[in-house]
Amino acid sequence: WNRGRIIVYPNGHIEHWLNGFKIVSYDRGTPIFYALVARSKYAQWKNFGMAPTGRILLQEHGTVVSFRSIKIKTL
């Protein structure tokens, strides 16, 4: 099993970690963020990724995927 962690800071900065290594970080609401969403399969979703609260989205990319021990907490 891989171990993933997503950290969302109050200022909109987000980090994705996988097995202890930071894979990507970005800032919500920046021109680069909007450009990346515009090129994604979520481009037609108005304000995708900009809600201050809400549901999480777990996705796969065409292969079998399993999730276990999902924990969401405010730090």
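Higher on the page you've got the structure.
Residues numbered from 1 in each chain as written. Predicted model: local features only at pLDDT ≥ 70, side-chain atom pairs only at ≥ 80, totals over all residues. Heavy atoms only, no water.

**Considerations on a nonpolar patch on the surface**
Among the surface-exposed residues, Ile-56, Leu-58, Val-65, Phe-67, Ile-70 and Ile-72 lie close enough to one another that they form a single nonpolar patch of about 590 Å² accessible area. The residue Leu-58 is located in the segment after helix 1 (31–38) in this model. (Patch = residues over 30% accessible without salt bridge, like charges linked within 9 Å, V, L, I, M, F, W, Y side chains within 5 Å. Areas by Shrake-Rupley, 256 points an atom, 1.4 Å probe, with all protein chains shown as cover. Salt bridge = Lys/Arg side-chain N within 4 Å of Asp/Glu carboxyl O. Helix = DSSP H or I, 4+ residues; strand = E, 2+ residues; numbered from the N terminus.)

**Observations regarding the packing of aromatic side chains**
Working definition: an aromatic ring pair is given by the centre-to-centre distance plus the angle between the planes. Across all of its chains, the model carries five aromatic pairs by this definition. With a centroid separation of 5.8 Å and 70° between ring planes, the pair formed by Phe-33 and Tyr-34 is classed as edge-to-face. Relative to Trp-45, the ring of Tyr-42 lies with its centre 5.5 Å away and its plane at 80°, an arrangement referred to as edge-to-face. The structure contains a cluster of three or more aromatic residues connected by ring pairs, namely Tyr-26, Phe-33 and Tyr-34. (Phe/Tyr/Trp six-rings, centres within 6.5 Å; stacked < 30°, edge-to-face > 60°.)

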